[in-house]
Amino acid sequence: MRRLVLLVVVLLGIAAAYVAPTATPAPPVSAYRLVSSAVLVCPRSTGAGDTTNVVGALVAGPARGPGSAVLRPMEPGDDLVRLAAPGQPVALRLAGQPQPTIVMLADGSWAPSSFSGVASRQLSGAGSGLSSASCPAPGTDWWFVGAGSEIGRGSALLVSNPAEEPARFDISLFSGAGPVQALAGKGIDLGPGATVRLRLDALAPDEDLLAIVVGATSGRVSAAVRDVAVPADGRARGVDFI
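Anyway, here's the lowdown on the structure attached to this text.

A few words now on the sheet that holds strand E6 (residues 102-108). With antiparallel pairing, 4 strands are arranged side by side in an open sheet as E1-E6-E3-E4. The two strands at the open ends of the sheet, each matched to only one other strand, are strand E1 (37-42) and strand E4 (81-82). Here E1 pairs with E6 via 6 bridges, running antiparallel. The partner of Ala-38 across the bridge, within E6, is Ala-106.

Turning our eyes to something else, we now look at the sheet that holds strand E8 (residues 129-134). Strand order across the open sheet formed by 4 strands is E5-E2-E7-E8, with antiparallel pairing between neighbours. Looking along the sheet, the strands with just one partner apiece sit at the ends: strand E5 (90-95) and E8. Averaged over all adjacent pairs, the angle separating strand axes in this sheet is 15°, with direction ignored. As judged from the 6 bridges shared by strand E7 (residues 114-122) and E8, these two strands associate in the antiparallel manner. Paired with Val-118 across the two strands is Ala-133, which belongs to E8.

Conventions used here
- Residues numbered from 1 in each chain as written.
- Predicted model: local features only at pLDDT ≥ 70, side-chain atom pairs only at ≥ 80, totals over all residues.
- Heavy atoms only, no water.
- Pairing = 2+ DSSP bridges.
- Helix = DSSP H or I, 4+ residues; strand = E, 2+ residues; numbered from the N terminus.
- Axes fitted to C-alpha atoms, helices over the stretch in contact; angles between N-to-C directions.

No statement about biological role is implied by the geometric values presented.
Here it is, written out as structure tokens:
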């Protein structure tokens, strides 16, 4: 468990090192508006009783001015943990239960340097292993390379809508031979605060290597691909987010 928490904290620390200021220069004159709010979406993770999920969050400091940051479920619910100050990471541990889609909400001067990530460890079953993912801001275009839908693969696409308005998106798939016709990949509606899980073997079966494009045609969404090597001989072969 300590190794899992340490992994999340280390990843957040590495990311913060690229943005944490080493000096306090005079603010430059800019035509761009400063970021005053941020939403980061951590993909959900299913899990059996021997699964531990850790969601970490950090605001790289120091921050110039007031701000706040919190982790909470994407679906309506109470705050899970609130960050105390910039430079002080938090780690939310969920053991023995599925992890819902979690969002990090930051505002004020804390928003531009907010980071979040998730790590999951499962000890048994087809999805056993250690997986991790960053928690990105929602967008309109997502590309993934390296998934598959052949026998022995359990790739699934997770798409979330953290906004208060509905979203709609399309899925495009490509193999080494070119575009692949998805069985149901166009005009998928996603309600506010909702997440949908789409198995690739149901969209385009028997493809050993796939590239995935998720394009939002209305609103913005967050997307991730969880790839599982399904063991044929009873031995786990690995799991991770793409």
